[in-house]
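Inside the fold
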Amino acid sequence: MSESVQAEIDQLRGELRRHERLYYVLDQPEITDAEYDALMRRLQALESAHPEFAAPDSPTVRVGGAARDGFVKVDHSSPMLSLDNALNPGELAAFDQRAAELIAGDEFLYAAELKLDGLSMAVHYRDGLLHSAVTRGDGRTGEDVTENARTIRSLPLRVSASWPAFEVRGEVIMPKAAFERLNTERERGGLPLYANPRNSAAGSLRVLEPAITASRQLDFYAYLLLVEGKPAVESHWESLEQLSGMGFKVNVNRRRAASLAELQQFCDHWERQRDSLPYEIDGVVAKIDSIAQQEQLGFTAKAPRWAIAYKFPARQAETVVEAIDVQVGRTGVLTPVARLRPVTVSGVTVSNATLHNEEEIGRLGLMIGDTVVIERSGDVIPKVVAVKAQGVERRAFEIPKSCPVCGAPVMRVEGEVASRCLSTNCPARLKESVRWFASRSVMDIDGMGEVLVEQLVDKGLVRNVADIYSLTADQLQDLDRMGAKSAARIIAGIEASRSRPLPRLISGLGIAFVGERTAQLLAENMGSMDALMTATAEQLQSVPEVGPKVSESILRFFAEPHNRALIERLKAERLVMTHEMRRPATGPLAGKTIVLTGTLPTLSRERATELIEAAGGKVTGSVSKKTSVVVAGSDAGSKLEKATLLGIPVWDEETLLRSLES
Ligand code: IVH
């Protein structure tokens, strides 16, 4: 018994490790999040039933264990130094020249990497296992954050290496998307927002509860490999390749540069492209590649002479808040927006910044007339980070009691930080919701942009999203700046949107808390709009990731007669109202995972798959412990062998066909 448990635990661990690497390091997942979670839960259950098989490198430690009282201070093996900065090409050239002089005429190469904007961490491995992780701290002494670091999925818990002990240094970061998500959640929960991904990465690594770190989707990029406190290979480039080979995540955006010109080119490229990256960078780090030459150059008291940080211009600027306006979004939420005295931030003129909600304004201590620091990051709307100086004539801001667009009463919904316009006919809400419906990631209606939506709503041609489908080319041609050709294109775009899959339509309805992902899960688990409309709270909450808040919001939406009428009209317009269910809950093969192998006497592979899926089963490609049945035809090979080995039942075609009837 315990042997087979041990075997299953080992097998699950191996599988989870492989999927973690595919997902977190290589960005090439093979299974869905739900399938991954299911494997993880199975392993957790086995481990808690059999604590004797616990292991410090089990993937379950990624989920986070018990909280602690505080962090222990630990000395670093060698100081974690900072880098000298070059703020412009001239300073980079000066660095290059100094290095050339010190290297005294020999050739040298640069290893250029992105300077990730996070916090640095040293991770120690012993006998192939992650042993401890320490924050940079003051460079000499840091904090032991081992348990939290273990939850970072891209950080290997065990590696095969040729040294009994080694150390990896790198940067802990929070990807932009995770940061945005976290702040949205915090905003909903009325918690203070993080100013930028770096602060939230630091905050998330230094919490006493590892489970919180686990939920924050941090990432670790390795950039230094040390054995006994020193590099173990001949060049920095090689150590990066070693790290990557050992399973660490090493940034692929790196370059070996043979000259200052090449290095500058790399810097310029990433300065232009920084917004295209999924994480924040604040510059480029250039290191002299050869370790022998690094040794020749040595260190100053605070930084190596063989490396330099080429810093991109700050994306912060100071300006005055001249007014605070209020915008009304598609779910009626009122968002205060700061109108700024225009200011240039890294080449872009900024005159508006979002303030999220009243609470955020309170947290900042902001009043109209104050001088503020604003920050622009990526393509997101600039935000106010701090009040720099109070205005002489400052005025407090208050959320209006009535909607600035339609005049309907505004209410602060219980449990939310946001205030909402209560009228569902508010033109501002309507415009926003039509715009959302037509947008690329939703119904993707070609040609229906902001300007058109504005006119359609103002002219009364569109009073809800169903009206879009009764628009005619003649009506469109009457609008400003609209020719026959563009009208025809928009009509074609509207036609094409009728066949968008159900998840898009659901997310297009603008139900509060139902975004693209939730819409997808709802469609997969409900199978149709009708099922969604008539579902009970209990049925809704059986859908993954749907809790009481989301189900409440869906019920409230469909309780409104005009929303139900809207759906009826969309049905009449022949929009897609059903969706293939992910896992039919019923059917004779429900819950069974089936592998097909060899040639079946009458059924093609495709037909067999169709039949199995229709009966509630799932077809996968490879045999594992999770496989329920292997259906084998003639010339079945290794899959059949493996099934026999694992003791998995083997059916022929006839047995399969009979099982469909039962
Ligand atoms: S090398 C002695 N490489 O920048 C070498 N640092 O100002 C020290 N950083 O504290 C660091 N990306 O937190 C290095 N690719 C990279 C980096 C990087 C970000 C950070 C690191 C360090 C700071 C130096």
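Everything in this summary refers to the structure shown in the same document. (Residues numbered from 1 in each chain as written. Predicted model: local features only at pLDDT ≥ 70, side-chain atom pairs only at ≥ 80, totals over all residues. Heavy atoms only, no water.)

Notes on the overall build of the protein
The helix and strand inventory of the protein stands at 24 helices and 22 strands. Across its three principal directions, the C-alpha atoms of the protein cover 80 × 80 × 55 Å. Out of the 662 residues in the protein, the part that is buried amounts to 48%. Of all intrachain contacts in the protein linking residues separated by at least 6 positions in sequence, the fraction that spans at least 24 positions is 67%. In the structure as shown, the protein presents an accessible area of about 31800 Å², 50% of it carried by carbon and sulfur atoms. (Helix = DSSP H or I, 4+ residues; strand = E, 2+ residues; numbered from the N terminus. Buried < 20%, exposed > 50% of the residue type's maximum accessible area, 1.4 Å probe, protein only. Contact = heavy atoms within 4.5 Å. Areas by Shrake-Rupley, 256 points an atom, 1.4 Å probe, with all protein chains shown as cover.)

Re the packing of aromatic side chains
Two aromatic rings are characterised by how far apart their centres lie and by the angle between their planes. In the structure shown here, the tally under the stated rule is 11 aromatic pairs. Between F108 and Y110, the aromatic rings sit 5.4 Å apart at their centres with planes inclined by 85°, giving edge-to-face as the arrangement. Consider the rings of Y125 and F248, whose centres lie 5.5 Å apart with planes at 90°: the pair is edge-to-face. A residue pair is termed long-range when its members are at least 10 positions apart, and Y125 in strand 4 (residues 119–126) and F248 in the loop between helix 8 (236–245) and strand 9 (255–257) qualify at 123 residues. Residue Y125 shares its accessibility class with F248, and that shared class is buried. Ring-pair connections join several aromatic residues into one group, and the members of that group are Y125, W163, F166 and F248. The ring centre of F513 lies 4.8 Å from the NZ or CZ of K549, which sits over that ring. (Phe/Tyr/Trp six-rings, centres within 6.5 Å; stacked < 30°, edge-to-face > 60°. Lys NZ or Arg CZ within 6 Å of the ring centre and 35° of its normal.)

A look at the sheet that holds strand 10 (residues 281–288)
On the basis of which strands lie adjacent, the open sheet formed by five strands has the order 2-11-10-3-9 and mixed pairing. Where the open sheet ends on each side, the last strands, each with one partner, are strand 2 (85–86) and strand 9. Contacting strand 2, strand 3 (110–116), strand 10 and strand 11 (307–311), helix 3 (residues 89–103) crosses the sheet at an angle of about 170° to strand 11. Helix-sheet contacts for helix 8 involve strand 3, strand 9 and strand 10, and the interaxial angle to strand 3 is about 55°. (Pairing = 2+ DSSP bridges. Axes fitted to C-alpha atoms, helices over the stretch in contact; angles between N-to-C directions.)

Side note on the site of the ligand
Taken together, L83, E113, L114, K115, L116, S120, E171, Y223, V285, K287, P304 and W306 form the complete shell of residues around the ligand. Contact between the ligand and K115: an oxygen atom at 3.2 Å from a side-chain N or O atom of the residue. Within the backbone of L116, a nitrogen or oxygen atom sits 3.1 Å from a nitrogen atom of the ligand. Starting from 520 Å² of accessible surface for the ligand in isolation, the protein chains cover 89%. Counting only elements with at least two residues in the shell around the ligand, the list comes to strand 3 and strand 10. If you tally residues by element for the shell around the ligand, the top one is strand 3, at four residues. Taken together, the residues of the shell around the ligand break down into seven nonpolar, one polar and four charged. (Near = heavy atom within 4 Å. Polar contact = N/O pair within 3.5 Å; in protein donor to acceptor, adjacent residues only side chain to side chain. Nonpolar A, V, L, I, M, F, W, Y, C, P; charged D, E, K, R; others polar.)

As for the side chain of Q293
Of note, Q293 is situated in helix 10 (residues 291–297). With residues near it in sequence (within four places) discarded, Q293 still touches I103, D106, E107, F108 and I288.

Focus: the nonpolar core
If you look at the biggest cluster of nonpolar residues, it comprises 53 residues, and the most contacted ones within it are M448, I468, M529 and F558. Sorting the residues of this core by element identifies helix 12 (427–438), helix 13 (450–458), helix 15 (484–497), helix 16 (502–508), helix 17 (516–526), helix 18 (529–534), helix 20 (548–559) and helix 21 (561–572) as the ones contributing at least two each. What M448 contacts, discounting residues up to four positions off in sequence, is A438, V453, L456, I468, L471, I490 and I494. Within the second largest apolar cluster, 34 residues are counted, among which are F179, L225, L240 and F248. (Core = buried A, V, L, I, M, F, W, Y, C linked by side-chain atoms within 4.5 Å.)

Brief notes about the pairing of strand 15 (residues 371–375)
Of all five residues in strand 15, four are buried, a share of seventy percent or more. As judged from the five bridges shared by strand 12 (residues 316–328) and strand 15, these two strands associate in the antiparallel manner. Within strand 15, the position partnered with V320 by the bridge is T371. As defined by bridge partners, strand 15 adjoins strand 16 (residues 383–389) across five bridges and the pair is classed as antiparallel. Residue pairing across strands places I374 opposite V384, the latter belonging to strand 16.

Side note on the pattern of salt bridges
Opposite charge on two side chains lets them pair, provided their charged atoms get close. As enumerated under the stated definition, the model contains 42 salt bridges in all. We note a salt bridge from K115 to D282, for which the minimum N-O separation is 3.6 Å. With K115 in strand 3 and D282 in strand 10, the pair connects residues that are 167 residues apart, well separated along the chain. The partner of D117 in a salt bridge is R198, and the shortest N-O contact between them spans 2.7 Å. Taken together, the residues D117 in the loop between strand 3 and strand 4 and R198 in helix 6 (residues 197–205) connect sequence positions 81 residues apart. One salt-bridge network, held together by shared partners, links R17, D57 and R158. (Salt bridge = Lys/Arg side-chain N within 4 Å of Asp/Glu carboxyl O.)

So, helix 17
For helix 17, the complete set of buried residues consists of T518, A519, L521, L522, A523, E524 and M526. Turning to helix 17, the residues buried within the fold contact helix 16, helix 18, helix 19 (537–541) and helix 20. G527 sits one or two positions beyond helix 17 and adopts a positive phi of about 85°.

Re helix 12
The end-to-end C-alpha distance of helix 12 is 16 Å, a good match for the 16 Å that 12 residues give at a rise of 1.5 Å each. Burial of helix 12 is extensive: nine of the 12 residues sit out of reach of the surface. Among all positions of helix 12, only A428, R429, L430, K431, S433, V434, W436, F437 and A438 are buried. The elements touched by buried residues of helix 12 are strand 12, strand 18 (419–421), helix 13, helix 16 and helix 17. (Expected span 1.5 Å × (residues − 1).)

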